[in-house]
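What follows is each chain in one-letter form.
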Amino acid sequence: MSSTATAPPTRPAARTRSTAERVSGVVVKWGFVAVTALLILFFVVSEPNFRTVDNVFGMLKFIAPTAIAGLGVMLAMTVGGIDLSVGASAGFAVSIAAWTMVIANQVGGVAVSVVLVCGLLIGALNAFLIVVARIPDLLATLTTMFVIVGLKLIIVDGKSISSQMTLSNGTTAPGKFTADFLWLDRGSIGPVPIPVILFLLITVLLWFLLERTRWGRALFAVGTNAEAARLSGIRVQWYRTAAYMGCGLLASVAGLLLAARIGQGDVTAGNSLLLDAVAVALVGVSVLGIGRPNAWGTALGAVLIAVMVTGFTMAGLPYYAQDFGKGIVLLVALLFSFTFSRRRTVVTAGSTTSSA
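From a predicted model like this one, the values you see are computed outputs, not experimental measurements. (Residues numbered from 1 in each chain as written. Predicted model: local features only at pLDDT ≥ 70, side-chain atom pairs only at ≥ 80, totals over all residues. Heavy atoms only, no water.)

K.L.:
Whenever I open this one, the overall build of the protein chain confuses me. Can you help?
P.N.:
Of regular secondary structure, the protein chain possesses 13 helices and four strands. The contacts in the protein chain between residues at least 6 apart in sequence include a share of 74% that link residues at least 24 apart. (Helix = DSSP H or I, 4+ residues; strand = E, 2+ residues; numbered from the N terminus. Contact = heavy atoms within 4.5 Å.)

K.L.:
Just checking my understanding: could you explain the packing of aromatic side chains for this structure?
P.N.:
Within the structure shown, the criterion is met by four aromatic pairs. Centroid distance Phe 43 to Phe 50: 5.5 Å. Interplanar angle 40°. Geometry classified as tilted. Each member of the pair, Phe 43 as well as Phe 50, carries the same accessibility label: buried. When the centroid spacing of 5.7 Å and the interplanar angle of 70° are considered together, the rings of Phe 177 and Phe 181 count as edge-to-face. Residue classification places Phe 177 among the buried residues on the basis of a relative accessible area of 7%. Taken together through their ring pairs, the aromatic side chains of Phe 42, Phe 43, Phe 50 and Phe 312 make up a single cluster. (Phe/Tyr/Trp six-rings, centres within 6.5 Å; stacked < 30°, edge-to-face > 60°. Buried < 20%, exposed > 50% of the residue type's maximum accessible area, 1.4 Å probe, protein only.)

K.L.:
Looking at this model, I keep getting lost on the pattern of salt bridges. Mind explaining?
P.N.:
Counted under the stated rule, the structure contains five salt bridges. With its nearest N and O atoms 2.8 Å apart, the salt bridge here joins Arg 292 to Glu 211. With Arg 292 in the loop between helix H11 (273–286) and helix H12 (295–314) and Glu 211 in helix H7 (residues 194–212), this pair connects stretches of sequence that are 81 residues apart. Of the residues examined, Glu 211 reaches a relative accessible area of 23% and is grouped as partly exposed. For the salt bridge of Glu 227 with Arg 230, the shortest nitrogen-to-oxygen distance reads 2.5 Å. Here Arg 230 and Glu 227 lie together in helix H9 (residues 226–231), a separation of three residues that amounts to about one turn. Residue Arg 230 is classed as partly exposed on the basis of its relative accessible area, which comes to 48%. (Salt bridge = Lys/Arg side-chain N within 4 Å of Asp/Glu carboxyl O.)

K.L.:
Is there a simple way to explain the packing of helix H4 (residues 108–132) against helix H10 (residues 236–262) in this structure?
P.N.:
For any two helices packed against each other, the geometry comes down to the angle between their axes and how far apart the axes lie. Look at H4 against H10: their axes get within 7 Å of each other, and the N-to-C directions meet at 145°. The handedness of the crossing between H4 and H10 is right-handed. Across the interface between the two elements, Val 112, Val 115, Leu 116, Gly 119, Leu 120, Gly 123, Ala 124, Asn 126, Ala 127, Ile 130 and Val 131 of H4 pack against Gln 237, Arg 240, Thr 241, Tyr 244, Met 245, Gly 248, Leu 249, Ser 252, Val 253 and Leu 256 of H10. Looking at side-chain class alone, the contact of H4 with H10 contains 13 nonpolar, seven polar and one charged residues. (Axes fitted to C-alpha atoms, helices over the stretch in contact; angles between N-to-C directions. Left-handed = near helix turned anticlockwise from the far one by under 90°. Nonpolar A, V, L, I, M, F, W, Y, C, P; charged D, E, K, R; others polar.)

K.L.:
Whenever I open this one, the environment of Gly 263 confuses me. Can you help?
P.N.:
On the secondary structure map, Gly 263 appears in the loop between H10 and H11. In this structure the C-alpha to C-alpha distance between Gly 263 and Phe 181, which are 82 residues apart in sequence, comes to 9.2 Å. Leave out the neighbours within four places in its chain, and Gly 263 touches Phe 177, Leu 182 and Arg 186.

K.L.:
Explanation requested: the packing of helix H8 (residues 214–224) against H10 in the structure shown.
P.N.:
Remark: H8 packs on H10, axes separated minimally by 10 Å, with the N-to-C direction vectors making an angle of 100°. By the angle between their axes, H8 is roughly perpendicular relative to H10. Contacts from Trp 215, Ala 218, Leu 219 and Val 222 of H8 reach H10 at Val 236, Tyr 239, Arg 240 and Ala 243. In terms of residue class, the contact of H8 with H10 is made up of seven nonpolar, no polar and one charged. (Parallel < 35°, antiparallel > 145°, perpendicular 65-115°, else oblique.)

K.L.:
I would appreciate a short explanation of helix H6 (residues 179–186) in the present structure.
P.N.:
Residues separated by three or four positions in an α-helix point in the same direction, a consequence of the helix having 3.6 residues per turn. For H6, the set of buried residues is Phe 181, Leu 182, Leu 184 and Asp 185. Across the axial projection of H6, the buried residues extend over an arc of 130°, all falling on one side. Opposite the packed face of H6, turned more than 90 degrees from it, sit the exposed residues Ala 179 and Arg 186. Its buried side turned inward, H6 meets helix H2 (53–78), helix H3 (86–103), H4, H7 and H10. (Arc of directions from axis to C-beta.)

K.L.:
Which parts of the structure should I look at to understand the environment of Gly 265?
P.N.:
By the element assignment, Gly 265 lies in the loop between H10 and H11. Residue classification places Gly 265 among the buried residues on the basis of a relative accessible area of 1%. Considering only alpha carbons, one finds Gly 265 and Ser 163, 102 residues apart in sequence, at a separation of 9.4 Å. Here Gly 265 is in contact with Val 94, Ser 95, Ala 98, Lys 159, Ser 160, Ile 161 and Phe 177, once residues within four sequence places are set aside.

Purely geometric numbers; function is a separate question.
Dropping the structure here:
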């Protein structure tokens, strides 16, 4: 009778494997940060205008709407879902803000309130389709995206809204984008633009909520194993509803910043926001080897895209090179999450969870 027992690894082999695991751990934890730092260093050295303070704030201001929408997607991912309607919601916010001020002749504060309420309602619609109607997250939010895009065009008759525009009855639109509304993009506190301040405040708020409160732990518990969360007393459906409403709210904030930046109700605004927002949320999963959605990782992913787009533009590369670069960044992030990481990262119809 022959023995089938496996001989224990020799000490040098075990030491080699341990060293390889440590190196892999360092690469997974710091690799993405190192890539960002190296890219910044490259542009700092090669492009003199890149290293100015104005450019730093300009990059953060440029990426703020994408980052905030990405934080919304990240919030939906914490409960095991995803929201494909963020771009449409932001575009809807642009048109509604313009309609409220230009057509309805209201002040900026009213427009902001209306847009935020609309964002919450869109999030509530997504939650209803997912939680009550039991439609999968991906399909429910995709459906909402088409509905919102169509509704936006219906409301504005398929036209962009601008001050002094001629209405269908031949009269001139009575309102305009007010100064207090435009302040959302053009204002600053000291040298820091308002969009950058909002970006940082929302990031810190979500980090505190997710990492330092029992509500945050409950959100992650729902995303990791909804049935186990339910058995432990967590009201799963309420947390999923809150996550989607939060995502809708953040998408509307991103739309407000876009509207203030453009200064008119461009019907094409927000069309490209979805892919970038989902990309930065997925990139955030890989940052620091956390292996789950997180606020600072999402913010860093947004910063990396801003650095890349700004650097490529200064270098004179064509716009399509930016899309190629974004794809490479996302590929690197996914390699860190799924190939190099010792954590088991699982993505199912938008859910992203990990275990050691």
